[in-house]
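Coordinate inspection notes
One letter stands for each residue in the lines below.
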Amino acid sequence: MARRILITGASGLLGAHLAAALSRECEVTGVDRHPWWGDEPIRLIQEDLTTAPAAAARLIREAAPDVVIHCAAMTNVDACEQEPARAEAVNAGLTRAIAHTLPASCLLVYISTDGVLSGEAACSTEEAVPAPRTAYGRSKLEGERAVLSASDRHLVVRTNFYGWSSGRKRTAGEWLYGALADGQPITLFHDIYFTPIYVMDVVDALQALIARRGRGLVHVGGRDRVSKEQFGRLMAELGGFSAAQARSGSVEQAPLAASRPKDTSLSSARYEQAAGRAAPSCRDGLLRFLADQTRPLSRRVLAGDPQPRAGAPTVQA
Ligand SMILES: NC(=O)c1ccc[n+]([C@@H]2O[C@H](COP(=O)([O-])OP(=O)(O)OC[C@H]3O[C@@H](n4cnc5c(N)ncnc54)[C@H](OP(=O)(O)O)[C@@H]3O)[C@@H](O)[C@H]2O)c1
């Protein structure tokens, strides 16, 4: 593993879990608009990387990283649809600036999304032609292209994860858990398919890929393709909640600013081969998520079990 790591978006969902995990063996510098909320001793620089044009270059010069993991992004899909220019500036422009500033010796890991896919095929491989349906997806695809054209050593990871945040900005997984635990009436989409993966499993995957010098484009998803409804009902079952108040519905009926692609499930075969391990099942990921709810970040890292459990049951789509 590298010695000095710079993580952008280090107070966000993925960035914070990465920072907590990597700080056990590396010198971690984080940058984010928001304060650090973990208990690990990382150096967090609180600033907005898009307000000052030279901010990214200065930060890279000061932190002198071996690896940059670029998580900062405008992640609200509907907000991106309403403000495409801002989405473009953050998700593509900032990524381009970072990619062009890095010294040749530094590895850039760009966290991208299954939302760059058209949503018309199941379990897409890296060979699938991207055709994003949303402003978010288009801006992230531009970010991917900026990274891959800057150097063939860089790594672009497409994923879609869930986990526990700082509480500042509730994640979809937290919202779902809260609604199920409280028995609120909710609609679970039966016609949106994905391959969700728990955030700590993404952290484990990124550590493995960086250690094995992964490069190019890699999909990192869960092993199971599930609908949003199957995912919600499995969370309810494993969490011991009644799903009686959850009704099955179609995304077509939902009043969303950005129309969602229907099937963004990923094949993680390339990752499995590169990392030498299986992608986690939906059940194992959710069990890890549920067990981590009351743990602080540092304990989530220590509780991690990156090895898949043999014979674990999987969810059928
Ligand atoms: N969550 C998912 O399921 C998912 C799925 C696929 C891909 N991804 C990708 O994974 C990466 C991490 O996602 P996440 O869910 O961890 O996101 P997140 O929780 O929103 O974290 C991103 C962090 O970066 C900050 N940030 C954004 N722009 C910034 C800027 N210009 N300067 C400084 N800080 C900035 C955000 O602040 P604000 O909150 O104020 O913007 C936030 O704290 C993103 O690149 C995202 O596109 C996420």
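Refer to the structure printed above.
Quick look at the structure, then. (Residues numbered from 1 in each chain as written. Predicted model: local features only at pLDDT ≥ 70, side-chain atom pairs only at ≥ 80, totals over all residues. Heavy atoms only, no water.)

Things to note about the pairing of strand E5 (residues 107–113)
Successive residues of a regular strand alternate their side chains across the two faces of the sheet. Put simply, the rule reads: Here the term buried applies to any residue with accessible area under 20% of the maximum for its type, exposed to any over 50%, and partly exposed to those in between, with areas from a 1.4 Å probe on protein chains only. A run of DSSP states H or I qualifies as a helix once it reaches four residues; a run of E qualifies as a strand once it reaches two. Both are numbered from the N-terminal end. The pairing criterion for strands is at least two bridges between them, as found by DSSP. Every crossover in which the path from the first strand over the helix to the second runs clockwise, viewed with the strands pointing away from the viewer, is termed right-handed.
Extensive coverage of E5 is indicated by the burial of 7 of its 7 residues. Here E5 shows a buried face lined by Leu 107, Val 109, Ile 111 and Thr 113 and a second buried face lined by Leu 108, Tyr 110 and Ser 112. Both strand E4 (residues 67–70) and E5 contribute to a ladder of 4 bridges, which runs parallel. Of the residues in E5, the one forming a bridge with His 70 is Tyr 110. In this sheet, strand E6 (residues 155–159) lies alongside E5 in parallel orientation, the contact comprising 5 bridges. Paired with Tyr 110 across the strands is Val 156, a residue of E6. With helix H5 (residues 135–150) bridging E5 and the parallel E6, this β-α-β connection has right-handed handedness.

Let's talk about helix H1 (residues 13–22)
The buried count for H1 comes to 10 of 10 residues, which makes it a mostly enclosed element. Every buried residue belonging to H1 is among Leu 13, Leu 14, Gly 15, Ala 16, His 17, Leu 18, Ala 19, Ala 20, Ala 21 and Leu 22, and all of these are buried.

Side note on the site of the ligand
Test applied: Here a residue is near a molecule or strand as soon as one of its heavy atoms is found within 4 Å of it. Polar contacts here mean pairs of N or O atoms no more than 3.5 Å apart (in protein, one a potential hydrogen donor and the other a potential acceptor; neighbouring residues in sequence count only if both atoms are side-chain atoms). Residue-level accessible areas treat just the shown protein chains as cover; the underlying method is Shrake-Rupley with a 1.4 Å probe.
Lining the immediate surroundings of the ligand are 26 residues, of which Arg 33, His 34, Tyr 136, Lys 140 and Lys 169 lie closest. Here Leu 49 contributes a backbone N or O atom positioned 2.8 Å from a nitrogen atom of the ligand. In the environment of the ligand, an oxygen atom lies 2.8 Å from a nitrogen or oxygen atom belonging to the side chain of Arg 168. About the coverage of the ligand: the protein hides 90% of its 880 Å² of free accessible area.

Regarding the pattern of salt bridges
Inclusion rule: Salt bridge, as applied in this entry: a Lys or Arg side-chain nitrogen positioned within 4 Å of an Asp or Glu carboxyl oxygen.
Scanning the entire structure with this criterion turns up 16 salt bridges. Here Arg 260 ties to Asp 78 by a salt bridge, and the two come within 2.9 Å at their closest N and O atoms. One end of the pair, Arg 260, is in the loop between strand E13 (246–249) and helix H9 (269–275); the other, Asp 78, is in helix H3 (residues 77–82), and 182 residues separate them in sequence. The class for Arg 260 is partly exposed, based on a relative accessible area of 28%.

Regarding the packing of helix H7 (residues 199–211) against helix H10 (residues 282–292)
Quick reminder of the rule: Think of each axis as a best-fit line through the C-alpha atoms, taken over the contacting stretch in the case of a helix, with angles from 0 to 180 degrees between the N-to-C directions. For classification purposes, an angle smaller than 35 degrees is called roughly parallel, one larger than 145 roughly antiparallel, one from 65 to 115 roughly perpendicular, and anything else oblique. Between two residues, a contact is recorded if the distance between any of their heavy atoms is within 4.5 Å. Polar here means any residue outside two lists: the nonpolar Ala, Val, Leu, Ile, Met, Phe, Trp, Tyr, Cys and Pro, and the charged Asp, Glu, Lys and Arg; Gly therefore counts as polar.
Close contact between H7 and H10 brings their axes to 8 Å; oriented N to C, the two are set at 110°. The angle between H7 and H10 falls in the class roughly perpendicular. Across from Met 200, Asp 201 and Asp 204 in H7, the residues of H10 making contact are Gly 285, Arg 288 and Asp 292. Class assignment for the residues of the contact of H7 with H10 results in 1 nonpolar, 1 polar and 4 charged.

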